[in-house]
Amino acid sequence: MAFENLSERLQNTIAKLTGKGKVSEADVKEMMREVRLALLEADVNFKVVKEFVKKISERAVGTEVMKSLTPAQQVVKIVNEELVDLLGGSNVELNQGGKITTVMMVGLQGAGKTTTAGKLALKVKKTMKKKPLLIAADVYRPAAVQQLKTLGKQLDIEVFYVDKDPVDIVKDGLAFAKENYFNYVIIDTAGRLHIDELLMDELKNIKAATTPDEILLVVDSMIGQEAVNIATSFDEQLDITGLVLTKLDGDTRGGAALSIKSITGKPIKLVGMGEKMNDLELFHPERMASRILGMGDVLTLIEKAQASIDEDEAKKMQEKILNQSFTFEDFLTQLEQVKKLGSLKDILGMIPGMGKLKNMNLDAVDEKQFVYIEAIIKSMTIEERQNPDIINVPRRKRIAQGSGRPLNEVHKLIKQFEEMRKMMKQFGGLMNDKSKRKGLGRMFGGKLPF
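Along every chain, residues carry numbers that run from 1 in the direction the sequence is written. Predicted model: local features are reported for residues with pLDDT of at least 70 only, side-chain atom pairs are reported and counted for 80 or more only, and whole-chain, interface and lining totals are derived from all residues. Heavy atoms throughout the structure, all of them, feed into the side-chain values; hydrogens and water do not.

Think of it in three bands: with a 1.4 Å probe and only protein chains considered, a residue is buried below 20% of the maximum accessible area for its type, exposed above 50%, and partly exposed in between. Only DSSP runs of H or I with at least four residues qualify as helices, and only runs of E with at least two residues qualify as strands; both kinds are numbered from the N terminus onward. Burial runs high along strand β5 (residues 214–220): seven of the seven residues are buried. Because side chains alternate across β5, one face comprises the buried residues Glu214, Leu216, Val218 and Asp220, and the other comprises Ile215, Leu217 and Val219, equally buried. Bridge count for strand β1 (residues 101–106) against β5 is four bridges, and the pairing is parallel. The residue bridging valine 103 from the neighbouring strand is glutamate 214, located in β5. A pair of strands is labelled paired if DSSP reports no fewer than 2 bridges between them. Where β5 and strand β6 (residues 242–246) come together, five bridges link them in parallel fashion. When the sheet's bridge partners are listed, leucine 216 is paired in β6 with glycine 242. Between β5 and its parallel partner β6, the chain crosses via helix α10 (residues 225–238), and the hand of that crossover is right-handed. Note on handedness: a clockwise path from strand one over the helix to strand two, with the strands aimed away from the viewer, defines a right-handed crossover.

Put into structure tokens, the structure is as follows:
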């Protein structure tokens, strides 16, 4: 999970401070020593760490804290504010052009540039309601063009390619976009295993030919400080407008994300948070800081739910609960919807107050259980899924054999499902009873939230 090691260290350090009624200068000094070590271990640039610790120390031992009624909480607030500032201050939206917005994707080979181009095309299509066109301008890496075409077919997004020089491919692609009313063009350029003159000259020529609205540098966050060096080199020669950090979900340290804005002055605009094509998120410094400090990230969780969960399906499910007709078929649908939100550990990390619980019970969050539950339900006949009451012992034995799971797991799942249905029945009855519904409404200030 992103920033997992750093998050754990910072939360433990802050916990020692918040347990005290009064905060002394010695307490702040000890805390800053721990914060410095945590950031250096997270592979954050040394100069960035030094400046970050200096800012917090100055604010934490000043009158801002000493006159506060709750000094410990005030220190946490200062750490949060400085962390937000370090990450970029506020989120920076993607640049918009005139009739056609042109985005040039640049970066080294292996950073995930082509996949990110596909993810961005899907994002602008779904959330910005644009008509994107992908231009395949990487003619050097074997199968790069084919990879983009495959992604385009999978996402139902057109990919443009002609067998020409990269600059001419891009020129022809832009002409094609104008003729066919595409309003968002994403150019997938070539990368190298290292920064060289040939690579930069080609990218400069493409930039000159297209005058893009956005030049996004795609960097693998897992490479730590090297990501900052790469960003600096690309920025000096191309004047990039922003960065995309890929594989942030697997970067337990987070050094690149915490250093890159301070060193380059360029904002992180997007982050890759998983392997699925919809796992590309706008980067919000305040939300990321909140997650690092264990305060949750409800807004991102809501956005994920809105993007992943089908609204019509949700309404149907609500009706089934109210009508007390929830089946294993519906339960399976719900499992599939939840899986779209990401891993359970990540979801827990977005819920305020669940950070510590998540860290204490990582082993208890066994996502394989979802796979086992699916196997059991899929081993039932359609009749059994729709009418669980008919599942007697012989049927349970057959289901256990079909799913490859022990019989006791089948018994346990059916028992838990029956208990869940009882609760839903009670809830449905309550919601359908006007007098009880009115009484419940008074608990919510006169109006039910659903």
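Don't stop here, the text continues.
Position of arginine 192 relative to the elements: it lies in the loop between β4 (184–188) and α9 (197–210). On the basis of relative accessibility, which here comes to 17%, the residue arginine 192 falls in the buried class. Residue contacts for arginine 192: discarding those within four places in its chain leaves Gly107, Leu108, Gln109, Tyr140, Leu198 and Leu199. The contact criterion used throughout is that any non-hydrogen atoms of two residues lie within 4.5 Å.

Here we come to the environment of serine 290. With respect to the helices and strands, serine 290 occurs in helix α12 (residues 285–292). When its relative accessible area of 14% is taken as the criterion, serine 290 is described as buried.

Between the rings of Phe, Tyr and Trp (Trp by its six-membered ring), a pair exists once the centres lie within 6.5 Å; its type follows the angle of the planes, with under 30 degrees stacked, over 60 edge-to-face, and the other angles tilted. All chains considered together, the criterion is met by five aromatic pairs. Ring plane angle 25° and centroid distance 5.9 Å describe the contact between phenylalanine 176 and phenylalanine 182, whose orientation is recorded as stacked. Among the residues examined, phenylalanine 182 registers a relative accessible area of 6% and is labelled buried. Ring geometry for phenylalanine 331 and phenylalanine 417: centres 6.0 Å apart, planes at 50°, overall tilted. With phenylalanine 331 in helix α15 (residues 328–339) and phenylalanine 417 in helix α21 (residues 407–432), the pair connects residues that are 86 residues apart, well separated along the chain. Aromatic ring contacts, followed pair by pair, group Phe160, Phe176 and Phe182 into a single cluster. A ring has a charge above it when a Lys NZ or an Arg CZ is no more than 6 Å from the ring centre and no more than 35 degrees off the ring normal. The ring centre of tyrosine 140 lies 5.0 Å from the NZ or CZ of arginine 192, which sits over that ring.

Time to look at the sheet that holds strand β8 (residues 280–282). Where strands meet in a sheet, backbone hydrogen bonds hold them as pairs that are either parallel or antiparallel. Here we have eight strands laid out as an open sheet, ordered β3-β2-β4-β1-β5-β6-β7-β8, and mixed in their pairing. Either end of the sheet is taken by a strand with one partner, and the two such strands are β3 (158–160) and β8. In this sheet, neighbouring strand axes are inclined to one another by 25° on average, regardless of whether the strands run parallel or antiparallel. Where β1 meets β4, five bridges bridge the pair, whose relative direction is parallel. Bridge pairing in β4 places methionine 104 opposite isoleucine 187. In this description, a line fitted to the C-alpha atoms serves as the axis of each element, helices being fitted only across the stretch in contact, and the angle between N-to-C directions of two axes falls anywhere from 0 to 180 degrees. Against the sheet, helix α8 (residues 166–179) engages β1, β2 (132–136), β3 and β4, with an angle of about 160° to β2.

Moving on, we come to the pattern of salt bridges. We define a salt bridge as a contact between a side-chain nitrogen of Lys or Arg and a carboxyl oxygen of Asp or Glu at a distance within 4 Å. Tallying each qualifying case throughout the model produces 19 salt bridges. Arginine 141 is the salt-bridge partner of aspartate 138, the closest N and O atoms lying 3.7 Å from each other. Linking arginine 398 and glutamate 384 is a salt bridge whose minimum nitrogen-to-oxygen distance equals 2.7 Å. With a gap of 14 residues between them, arginine 398 in helix α20 (residues 393–403) and glutamate 384 in helix α19 (residues 382–386) connect regions that are remote in the sequence. For arginine 398, a relative accessible area of 34% puts it in the partly exposed group. Glutamate 384 gets classed as buried once you look at its relative accessible area, which sits at 0%. One network of salt bridges, with partners in common, ties together Arg59, Lys77, Glu81 and Glu82.

The subject of this paragraph is helix α18 (residues 368–378). Side chains of residues three or four places apart in an α-helix project in the same direction, reflecting 3.6 residues per turn. Along α18, the residues classified as buried are Glu374, Ile376 and Ile377. The arc that holds the buried residues of α18, viewed along the axis, is 160°, so those residues lie on one side. The outward face of α18, more than 90 degrees from its buried face, is lined by the exposed residues Lys368 and Val371. Summarising the geometry, the arc corresponds to the directions from the helix axis toward the C-beta atoms.

Before going further, it helps to examine helix α3 (residues 46–60). End to end, α3 covers 21 Å across 15 residues, agreeing with the expected 21 Å (1.5 Å per residue, within 8%). What α3 keeps buried is the set Val48, Val49, Phe52, Val53, Ile56 and Ala60. Each buried residue of α3 sits inside an arc of 125° when the element is viewed along its axis, so together they form one side. Exposed and oriented more than 90 degrees from the buried face of α3 are Lys47, Lys50 and Glu58. We call two N or O atoms a polar contact when they sit within 3.5 Å, provided that within protein one can donate a hydrogen and the other can accept it, with sequence-adjacent residues counted only if both atoms are side-chain atoms. Its side-chain oxygen at 2.9 Å from the backbone nitrogen of lysine 47, asparagine 45 defines the N-terminal cap of α3. Here, expected helix span is obtained from the residue count minus one, scaled by 1.5 Å.

Moving on, we get to the UniProt feature "domain: SRP54-type proteins GTP-binding" (unreviewed entry) in the protein. Taking the UniProt record as the reference, the feature "domain: SRP54-type proteins GTP-binding" (unreviewed entry) is found at residues 267–280. Between the end C-alpha atoms of residues 267–280 the distance is 16 Å, and the span holds 0% helix and 43% strand. UniProt positions are given in the numbering used here, feature names are shortened, and annotations may be inferred rather than shown by experiment.

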